[in-house]
Amino acid sequence: MPDPLLNRGQVKMFETLAVLVVFFFFLIFGASFYFKLQENSLMRELDKTGQLRAIQVSQKSLHLPELDCSFVNVQRDNCFDILKAQKFGALVTADENALIEYFKTFEYSTLTVYGVYPVPSTIVLYDRQRDGSVTVLQIPLLLYDARQGDYGFGYLEVKAYG
Amino acid sequence: MAVRGQLEIQFNWIFILVAGAVILGFFFSIIVKQQNVSEQKLAISLVNELDAITTGASVAKGAAQRLDLPKAGIDFACSSECTCSFSIGKVSRDFKDKLLFAPKRIEGDDIVFWTLDWKIPFRATNFLFATNERIKYFFVTDDSQESQQLKAKVQALIPEQVNADFITLADVDCNTNPECVRNENYVQVKLVFLNIDPNFGGLQLHESFSDTTISAALITPDYVNFYKRKNLRSQEFDAARAYYVGDAGLFASIFAEDEQMFRCNLQEASRKLGYVSKVLADRMEVFRGDAELIAQGCPYNPGTLDAIRTLAVSQASALNADVLVLRDHASTLNIENEALLRQSCPTLY
């Protein structure tokens, strides 16, 4: 015949275990909910960082002496000298040391100048890609042709890789 | 029966104690981890913000701006391999492409960033200087022409946000002058001797400087000697010499913590100068081959830009007295550029 006291003890033990199981169930549920929220917040943060980096890259490129329009050391805002842009693109493409040097400035990004008026044209200034998210930024530009002394219109496209 | 009941009650209490301790320990470890993560996150976000701010500041030529400073302060350092970085707490960030001249540590309520372009004679890059209200610069001058010229240059360009005073050698030396300058609660003081031998052996600073971080520099028209106190209360200084070119180079020697930071940044600046002059030289080649410009008689001379580029490339690996030759090349290029301007030809810069 089973001992009634032993049975009562087993029931109490099961009760305690059930309470613990429910407690840890809620704990794991709460923790997973919290970590999901954290993950979403991290994704938003990464997105924000990507946008900030694209802005920084475009800001740097617009003030780079290798590209800017300068007239006896007076710079014109949002303007690229088209000849400088061509020579700069060629330099970075041909010289690996130059690519390494400008990596400090542009990191993983692609910078392309698109001429729109008077003649459509494309100049790749810098290209160093990697897998992952991409933030694209386009900035209108004046394109100065020093030989003719003329201005054209275009835009700078910055692709920053996350 | 009674023994079994007692055992059961004891077991319950032990179980409760163990389970309670485990649960408490679990939550405590989560709190500690979260605290560390939060501190790390805050430091990373501050470093990111500072990186963005310095990027913005470094492209704003000639602008000085005062910005809020994190409570932890910012440390700046350059290693012997010229890896320069700033750090907030335990989080560090490389200078990357920025040429930043700053003291070893800045703490307080705010930080002042000032940007000046380095022209040789075209703008090669921008130098970014950092200081704040707790740092004082004493410029020591005398009546000599060189000293007065340097003083005039500093006075003309230094922004009002920088704590700067112009004094004489007699104002510094308490041996001869009981009214000598004293420290007005500045955390760091830099004595900048403009073409005057500092003579630290015979110089007696006021006792209010005894617990202050003092550094000193002798600036002549050609070079700068960086002096570092051997230890906090010492009157003896170690010296290191470096050469500079341009107004921005002069201010770099004033704001740099030491010869290491100055040299590392100037070498990086020379590297950038090499690439800028290469782009300008390649652009000039297009002008030299342009039939209209040839017919117009535009005098393009590739020699000077090539000479600047060659010198810049050599100085990028070892900065030495040869860098002074850049001044002659810059002056020649300036004359050539003006000649092009007079003939209505496309200028070099």
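Our structure's up above, just so we're on the same page.
Residues numbered from 1 in each chain as written. Chains lettered and ligands numbered in written order. Predicted model: local features only at pLDDT ≥ 70, side-chain atom pairs only at ≥ 80, totals over all residues. Heavy atoms only, no water.

> Whenever I open this one, the environment of L142(A) confuses me. Can you help?
All names here are of chain A. Of note, L142 is situated in strand β5 (residues 134-145). On a C-alpha basis, the gap between L142 and G154 in space is 6.3 Å, while along the polypeptide they are 12 residues apart. Setting aside its immediate chain neighbours within four residues, L142 contacts R76, N78, C79, F80, Y151, G152 and F153. (Helix = DSSP H or I, 4+ residues; strand = E, 2+ residues; numbered from the N terminus. Contact = heavy atoms within 4.5 Å.)

> What is the right way to look at the sheet that holds strand β1 (residues 64-68) of chain B in this model?
Remark on secondary structure: sheet strands pair via backbone hydrogen bonds, oriented parallel or antiparallel. Residue and element names in this part refer to chain B. Pairing within the open sheet is mixed, and its four strands lie in the order β1-β7-β8-β5. Either end of the sheet is taken by a strand with one partner, and the two such strands are β1 and β5 (100-101). Sheet strands in contact with helix α4 (residues 246-255) are β5, β7 (110-119) and β8 (123-131), and its direction is about 25° off that of β8. Of the strands in this sheet, β5, β7 and β8 touch helix α5 (residues 259-288), which is tilted by about 155° from β8. (Pairing = 2+ DSSP bridges. Axes fitted to C-alpha atoms, helices over the stretch in contact; angles between N-to-C directions.)

> Quick question: what am I supposed to make of α4(B) here?
For an α-helix the count is 3.6 residues per turn, leaving residues at separations of three or four pointing the same way. Most of α4(B) is tucked away, with eight of its 10 residues classed as buried. Those residues of α4(B) not exposed but buried are A248(B), G249(B), L250(B), F251(B), A252(B), S253(B), I254(B) and F255(B). (Buried < 20%, exposed > 50% of the residue type's maximum accessible area, 1.4 Å probe, protein only.)

> Just checking my understanding: could you explain the sheet that holds strand β2 (residues 74-78) of chain B for this structure?
Residue and element names in this part refer to chain B. Across the sheet, four strands lie side by side as β4-β3-β2-β6; this open sheet has antiparallel pairing. Edge positions in the sheet fall to β4 (91-94) and β6 (105-106), since each of these pairs with one other strand and no more. In this structure, strand β3 (residues 84-88) lies alongside β4, joined through four bridges in antiparallel fashion. When the bridges of β4 are listed, F86 appears paired with R93.

> Whenever I open this one, the state of the cysteines confuses me. Can you help?
In protein structure, a disulfide is the covalent linkage between the sulfur atoms of two cysteines. Residue and element names in this part refer to chain B. Throughout the structure, instances matching the rule amount to five disulfides over all chains. Paired by a disulfide, C82 and C264 hold their sulfur atoms 2.1 Å apart. Taking the torsion about the S-S bond as the criterion, the C82 to C264 disulfide, at about -80°, is left-handed. Within this pair, whereas C82 is found in the loop between β2 and β3, its partner C264 is found in helix α5, the two being separated by 182 residues in sequence. On the basis of relative accessibility, which here comes to 27%, the residue C82 falls in the partly exposed class. (Disulfide = S-S within 2.5 Å.)

> Any chance you could explain the pairing of strand β12 (residues 213-219) of chain B here in plain terms?
Side-chain positions along a regular strand alternate between the two faces of the sheet. Residue and element names in this part refer to chain B. Most of β12 sits inside the fold, with six of its seven residues counted as buried. Two elements, β12 and strand β13 (residues 223-229), share five bridges in a ladder whose sense is antiparallel. Directly across from I219, in β13, lies its bridge partner V224. Here β12 hands over to β13 after three residues, the two strands then running antiparallel side by side.

> Would you mind showing me how to read the interface of chain B and chain A here?
How big an interface is tends to be expressed through the accessible area that disappears when the partners come together. In this assembly, 41 residues from chain B lie in contact with 40 residues from chain A. On the chain B side of the contact with chain A, R123(B), Y275(B) and V279(B) bury the most area, a combined 17% of that side's loss. There are five salt bridges connecting chain B and chain A. Close ionic contact of K60(A) with D97(B) constitutes a salt bridge, the shortest N to O distance being 3.4 Å. Among the elements of the structure, α1 (2-59), β8, α5 and α8 (325-342) of chain B are those that each provide at least two residues to the side of chain B that touches chain A. The dominant element in the side of chain B that touches chain A, judged by the number of residues it contributes, is α1(B), at 13 residues. Of the residues assigned to the side of chain B that touches chain A, the class counts are 21 nonpolar, five polar and 15 charged. (Buried area = accessible area lost by both parts, 1.4 Å probe. Salt bridge = Lys/Arg side-chain N within 4 Å of Asp/Glu carboxyl O. Nonpolar A, V, L, I, M, F, W, Y, C, P; charged D, E, K, R; others polar.)

> Would you explain a nonpolar patch on the surface in this entry?
On the surface, a cluster of nonpolar side chains totalling about 500 Å² of accessible area is made up of F23(A), F24(A), I28(A), F26(B), F27(B) and I30(B). Put simply, the parts of the chain that give the nonpolar patch at least two residues each are α1 (4-62) of chain A together with α1 of chain B. Examined against the element boundaries, F24(A) turns out to sit in helix α1. (Patch = residues over 30% accessible without salt bridge, like charges linked within 9 Å, V, L, I, M, F, W, Y side chains within 5 Å. Areas by Shrake-Rupley, 256 points an atom, 1.4 Å probe, with all protein chains shown as cover.)

> Hey, could you run me through the side chain of R123(B) in this one?
Residue and element names in this part refer to chain B. Here R123 shows up in strand β8. Since its relative accessible area comes to 5%, R123 is described here as buried. A polar side-chain atom of R123 sits 3.4 Å from a polar atom in the side chain of N126. (Polar contact = N/O pair within 3.5 Å; in protein donor to acceptor, adjacent residues only side chain to side chain.)

> So what exactly am I meant to see when it comes to the pattern of salt bridges here?
Two side chains carrying opposite charge are able to pair once their charged atoms lie near each other. Using the criterion set out here, one finds 23 salt bridges over all chains in the structure. E101(A) is paired through a salt bridge with K104(A); the nearest N and O atoms lie 3.3 Å apart. Of this pair, E101(A) and K104(A) are both found in helix α3 (residues 96-106), three residues apart, which corresponds to roughly one turn of the helix. You can call E101(A) buried: its relative accessible area is 8%. D51(B) serves as the salt-bridge partner of K96(B), at 3.2 Å between the closest nitrogen and oxygen. With K96(B) in the loop between β4 and β5 and D51(B) in helix α1, this pair connects stretches of sequence that are 45 residues apart.

> Please explain α5(B) as it appears in this structure.
When the terminal C-alpha atoms of α5(B) are compared, their 42 Å separation across 30 residues agrees well with the 44 Å that a helix rising 1.5 Å per residue should span. Counting buried positions along α5(B) gives 24 out of 30 residues, so the element sits mostly inside the fold. (Expected span 1.5 Å × (residues − 1).)

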